[in-house]
Amino acid sequence: MSKKPPANAAWGGRFAGGPSEIMQRINVSLDVDKRLHEQDIAGSLAHNAMLVRAGIIAREDGERIAKGLAKIRDELAAGKFPFDPAHEDIHLNIEARLAALIGPAAGRLHTARSRNDQVATDFRLWVRDAIDAADARIRDVQAALLDRADEHAKTVMPGFTHMQPAQPVTFGHHLMAYVEMLGRDRGRFHDARARLNESPLGAAALAGTSFPIDRAATAKALGFDRPMANSMDAVSDRDFALEYLAATAICGVHLSRFAEEIVLWSGPQFGFIALSDAFTTGSSIMPQKRNPDAAELVRGKTGRFTGNLVALLTVMKGLALTYAKDLQEDKAPLFETADNLDLCLAATEGMVRDLRVNEAAMRAAAGAGFSTATDLADWLVRVLGLPFREAHRRTGALVKRAEALGCDLAALPLAEIRKIEPRISDDIYSVLSVDKSVASRTSLGGTAPSRVKRAVAAARKKYL
């Protein structure tokens, strides 16, 4: 029979025996939370400095602690830290290593602090860094989209509703839609960062502490705006993690929508774009295949984003105040989400810069499906003064006639047009080409090349 592990030193005075092997396995979180080591060292250094300034621990002990933590930080950075799963998490591993390095003085570091506020502080610091990393990555994707939108401000393509040809647009205008979506994503991350930037440190287990600590000082040292106002909320809140996951899920949806379009556009049925070998794979049996796997994987990973958000919402929904061990399950979904978001954003930027545009295929498809019908209806309103609904009806009749004759609107003979509306002149043909159509859409936010150029310039100023 295997021997039980010894009682954990952090609570050995209460427990005479160690946990069962199963308890040890379910309780240990080291493999997940060791990613918090930089934040844990930073939080401990700030707490230690405050304890010394407040006269709560002796300066000599504080200096030993600071030197020990600096050595541990170097060991972690060099990959030489002796992780021990007998100490269930990164926090206890660092504490045990500190004790091994400097002796009993290490035990003073945990004065006026609990693992509850320690973990909450570390996790907030990590999520704050993850938000900053996501913002930089999203900005890079926007920059790539803006470069391509500027390049293709005049490239005509079909715009779709219901996945049916609707009206001609420009490829640059289409890409600018994603620039705006990603701008909103950055706004959500910025908002989440502003709300999370309060420090739980000093809340202790849940009720605060009787020691004369300076929570404002530790908050400032760690780059927080202020300490959290309520100690119970400080240790139990995970809104910041939920907001990060929610913002990521929405961003993932945007990336997935673009990925879906890349998949569609790169197929021979569309033939609008092509990706190079850098972002495609082949088939093990079909030598002709070029599969847009990077786009498909971006699309597929969105399920992880939404799933991890639901997972943490489910963990949180039944927790009475304050801390419960359920909260140990908050980090794995967030870490996985952060890793995959970084990868998806990098892949999306790469595909945007890599894709080659088939302008001829886009132009040919732009005129399909009588896509300039709305331009014809607008001409009837503008030139003949028809109410739009009446213009809509007559245009529909002209579309029906063109369909019967097997031609598009631009090729419909004037004699046939006048059977529907005798007052139409040959000037009507000036609005029936796809180039004339897109050039006429000059309203704010419209697809006219001149508008796209202005939109690109404005977005560069706003986002980059």
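Our structure's up above, just so we're on the same page.
> Please clarify how the pairing of strand β1 (residues 156–161) should be interpreted in this entry.
Side-chain positions along a regular strand alternate between the two faces of the sheet. Here β1 runs beside strand β2 (residues 164–170); their pairing, made up of 6 bridges, is antiparallel. Paired with Thr161 across the two strands is Gln164, which belongs to β2. Joining the antiparallel neighbours β1 and β2 is a turn of 2 residues, in which His162 adopts a positive phi near 60°.

> Explain helix α15 (residues 388–405) to me, please; I cannot follow it from the model alone.
Each α-helix winds once per 3.6 residues, and so residues spaced three or four apart point in a common direction. The terminal C-alpha atoms of α15, which comprises 18 residues, lie 25 Å apart, in line with the 26 Å expected from a rise of 1.5 Å per residue. The secondary structure elements touched by the buried residues of α15 are α14 (373–384) and α16 (414–420). Of the residues one or two after α15, Gly406 is the one with positive phi, at around 75°.

> I'm lost on the nonpolar core in this one. Help?
Grouped burial of nonpolar side chains is what soluble globular proteins tend to show. Within the largest apolar cluster, 89 residues are counted, with the highest numbers of intra-cluster contacts made by Val127, Leu145, Tyr244, Leu334 and Leu341. By residue number, the principal contributor to this core is helix α10 (residues 239–266), which donates 14 residues.

> Explain the pattern of salt bridges here, please?
If the charged atoms of two oppositely charged side chains come close together, the side chains can form a pair. Here the structure, examined in full by the defined rule, presents 34 salt bridges. Residues Arg35 and Asp339 are paired through a salt bridge, measuring 2.8 Å at the closest nitrogen-oxygen approach. One end of the pair, Arg35, is in the loop between α2 (30–33) and α3 (37–53); the other, Asp339, is in helix α12 (residues 331–354), with 304 residues separating them in the sequence. Exposure remark for Arg35: the relative accessible area of 33% places this residue in the partly exposed category. The partner of Glu349 in a salt bridge is Arg353, and the shortest N-O contact between them spans 3.5 Å. Pair noted here: Glu349 and Arg353 are both in helix α12, with a separation of 4 residues, about one helical turn.

> Help me understand the packing of aromatic side chains, please; the structure alone is not making it clear to me.
Geometrically, a pair of aromatic rings is defined through the distance of the ring centres and the angle of the planes. What the rule picks out here adds up to 9 aromatic pairs. Their ring planes at 65° and their centres at 6.2 Å tell us that Phe160 and Phe270 sit as a pair that is edge-to-face. Here Phe160, found in strand β1, pairs with Phe270, found in the loop between α10 and β5 (273–274); they are 110 residues apart in sequence, far enough to count as distant. Its relative accessible area of 29% is what places Phe160 among the partly exposed residues. A residue is classified by how much of its surface remains accessible, and Phe270, at 23% relative accessible area, is partly exposed. Their ring planes at 50° and their centres at 5.7 Å tell us that Phe189 and Tyr244 sit as a pair that is tilted. Highlighted residues: Phe189 in helix α7 (residues 171–196) and Tyr244 in helix α10, separated in sequence by 55 residues. By the ring-pair criterion, three or more aromatic residues cluster together here, those being Phe123, Trp126, Phe240 and Phe335. Taking NZ or CZ as reference, Arg35 lies 4.8 Å from the ring centre of Phe335, over its face.

Rules used in this analysis
- Residues numbered from 1 in each chain as written.
- Predicted model: local features only at pLDDT ≥ 70, side-chain atom pairs only at ≥ 80, totals over all residues.
- Heavy atoms only, no water.
- Pairing = 2+ DSSP bridges.
- Helix = DSSP H or I, 4+ residues; strand = E, 2+ residues; numbered from the N terminus.
- Expected span 1.5 Å × (residues − 1).
- Contact = heavy atoms within 4.5 Å.
- Core = buried A, V, L, I, M, F, W, Y, C linked by side-chain atoms within 4.5 Å.
- Buried < 20%, exposed > 50% of the residue type's maximum accessible area, 1.4 Å probe, protein only.
- Salt bridge = Lys/Arg side-chain N within 4 Å of Asp/Glu carboxyl O.
- Phe/Tyr/Trp six-rings, centres within 6.5 Å; stacked < 30°, edge-to-face > 60°.
- Lys NZ or Arg CZ within 6 Å of the ring centre and 35° of its normal.

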